[in-house]
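Structural description and commentary
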Amino acid sequence: MTTAAIDREWRRYTPGQRRARFALYFGLVFAVVVSLRTVQIIPEFLYDAHEQMADLFKRMWPIAWSYYPGGVHDALIETLHIATLGTILAIFMALPLGLLAANNITPNAWLNYFAKLMLVSSRSVNSLVWALLFVAIFGPGALAGTMAIAFRSIGFVGKLFGEALEETRPGPIEALKAAGAPWPSIFIKGYWPQVEPAFWAIALFRWDISVRESAVLGLVGAGGIGMAINAAMDLFQWERVALMLVAIFTVVIAAEVAVTFIRKKII
Amino acid sequence: MSPNQIAQARPPAFLPNWPARFAWLALAAYTVYATSILNVTWDRFVLGLGNGVRFIGRMLPPDTAADKMALMARGLYETVEIAVIASALGILLSLPIGLFAARNLMPPWITWPMRLFIALCRSFHQVIIAILFVKAVGFGALAGILALTVASIGFIAKLFAEAIEEISLKQVEAIRATGASFMNVISYGVMPQVLNRFVGFATYQFDSNLRNSTMVGIVGAGGIGGTMFAAFQKFDYDYLLTILLAIIAMIMVSEALQNWIKKLYQ
């Protein structure tokens, strides 16, 4: 008996896996090195960066608090409305797509594929791009912002809702079917109680993201506080910009606290 | 007991949930109210649909003139550069920051400033951070890189710190009991437990950076966004469509790569 059988060297990964990993690491390092070497950075701009930063903060101080009631409050409320209404609209449009994307509810591979394609295309376009498109269609203003938030959120809500539907247990649904329940009853009493916690979690999470995103939509003219920021920046009124940044920060933190609170209450 | 009495004793199977019904009603009332506040009227919507048809008509066919394609290729290349460098920097910086923000390994006097810093990085949208960096370091890719680095720290460091807070401390204890130095405790007790999740956060953040680096150009921070916004403002909608299609294609390639990496690490 030879010892070849026990002398064999043990390795954790197959040669194919090792080669793939090496290719990945090599590709990563290569990408970083090439990017660092070819990216166009103008060094002259860097020499006075600290002065520019100091200048920026000097211009931002003192924060123009007195401007809040006249110029910021309404824009801030509009931002919140855009985020909330956009999210509600998105949920209504995402529910049917989520139902179509879930294989256990729609046992048709083509319909699943179609719904998933719609959801992916909604997600791969950034909300600022959606805002650009809707500004061109509806003109500048809150309507464009609401539609942008809605269309960007459909993919997010629909994907997660569809996945939650696919994870439901078939037991209660079979029981309802056996009792002769019609399709709406099966959905409301069989699927809905199982996905309700996930649904609210998704909706709240998306609302939180929408609040952050709706603050910048105004940069392309889609309403909300971003428009006020853009106007103040174009006029170099940095003390007003500082006020708006503080306002956005406060709202974002408040939204996060609210979401955490509601989540604890209802989930 | 007669069947009738049994039916009375048992509560009905599907009780109406009054608080939930009121919540739905309130939500509906809010929708109506907000719609009226935002001046969203049916007329405007119908008018918009007509505009939309004209808009799409002007987008087609996509503009593929050679000079514009070259401009777009340059913009896309810069976008990828920004995403790659920002992700690399963000990942490198997130490792120590996340570690220092983990409350089960570090004393409170160091976790609190770190957690505050992470919260600050997270609370502003990338485009707003980009505005500040454009002012600080001028127009161009550097501002975009710095803005996305800050955003990456806000995301990766937060999730990394949370992942570390969930680890089992038994292994850390065991390594400590051997008299290992602090760095050894980190690299043999902590990192093996969280590395997998860290890779997951990092790939997700790279994907997110790629999407957002197409946007920071709108405020002058480099990448394809500047070209795209210029095309939009010049009503050059057919070129806009070309750029949009290119961005979507780029993101789909990136998602395919991400899936491949995920499979590699399963």
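Refer to the structure printed above.
Here goes a summary of the coordinates provided. (Residues numbered from 1 in each chain as written. Chains lettered and ligands numbered in written order. Predicted model: local features only at pLDDT ≥ 70, side-chain atom pairs only at ≥ 80, totals over all residues. Heavy atoms only, no water.)

1. Notes on a nonpolar patch on the surface
- The grouping of Y25, L28, V29 and V33 of chain A at the surface amounts to a nonpolar patch, some 370 Å² of accessible area in total.
- With a relative accessible area of 41%, V33 of chain A lands in the partly exposed category. (Patch = residues over 30% accessible without salt bridge, like charges linked within 9 Å, V, L, I, M, F, W, Y side chains within 5 Å. Areas by Shrake-Rupley, 256 points an atom, 1.4 Å probe, with all protein chains shown as cover. Salt bridge = Lys/Arg side-chain N within 4 Å of Asp/Glu carboxyl O. Buried < 20%, exposed > 50% of the residue type's maximum accessible area, 1.4 Å probe, protein only.)

2. Here we look at the interface of chain A and chain B
- Each partner contributes residues to the interface: chain A has 63 residues there, and chain B has 59 residues.
- Per-residue buried area on chain A facing chain B is highest for H81, L132 and L143 of chain A; these three make up 11% of the total on that side.
- Scanning the region where chain A abuts chain B turns up two salt bridges.
- E256 of chain A serves as the salt-bridge partner of R122 of chain B, at 3.3 Å between the closest nitrogen and oxygen.
- For the pair chain A and chain B, the number of links is eight residue pairs in polar contact (both at pLDDT 80 or more). (Contact = heavy atoms within 4.5 Å. Buried area = accessible area lost by both parts, 1.4 Å probe. Polar contact = N/O pair within 3.5 Å; in protein donor to acceptor, adjacent residues only side chain to side chain.)

3. Remarks on helix α11 (residues 225-234) of chain A
Residues and elements named next belong to chain A.
- All of the buried residues in α11 are I225, G226, A228, I229, A232 and M233. Along the axis of α11, the buried positions cluster into a sector of 160 degrees, meaning they face one direction only.
- Directly beyond the C-terminal end of α11, a positive phi value near 55 degrees is found at F236. (Helix = DSSP H or I, 4+ residues; strand = E, 2+ residues; numbered from the N terminus. Arc of directions from axis to C-beta.)

4. A few points about the pattern of salt bridges
- Taken as a whole and assessed by the stated rule, the structure comprises 13 salt bridges over all chains.
- D208 of chain A is the partner of R212 of chain A in a salt bridge, and the nearest nitrogen-oxygen pair spans 4.0 Å. In this pair, R212 of chain A and D208 of chain A both sit in helix α10 (residues 183-217), four residues apart, roughly one turn of the helix.
- Residue R212 of chain A is classed as buried on the basis of its relative accessible area, which comes to 15%.
- In this structure, the salt-bridge partner of D207 of chain B is R211 of chain B, at a minimum N-O distance of 3.1 Å. With D207 of chain B and R211 of chain B both in helix α9 (residues 182-213), this residue pair falls four residues apart, about one helical turn. In this pair, the class of D207 of chain B matches that of R211 of chain B, namely buried.
- When salt bridges that share partners are traced, they join D208, R212 and E256 of chain A together with R122 of chain B into one network.

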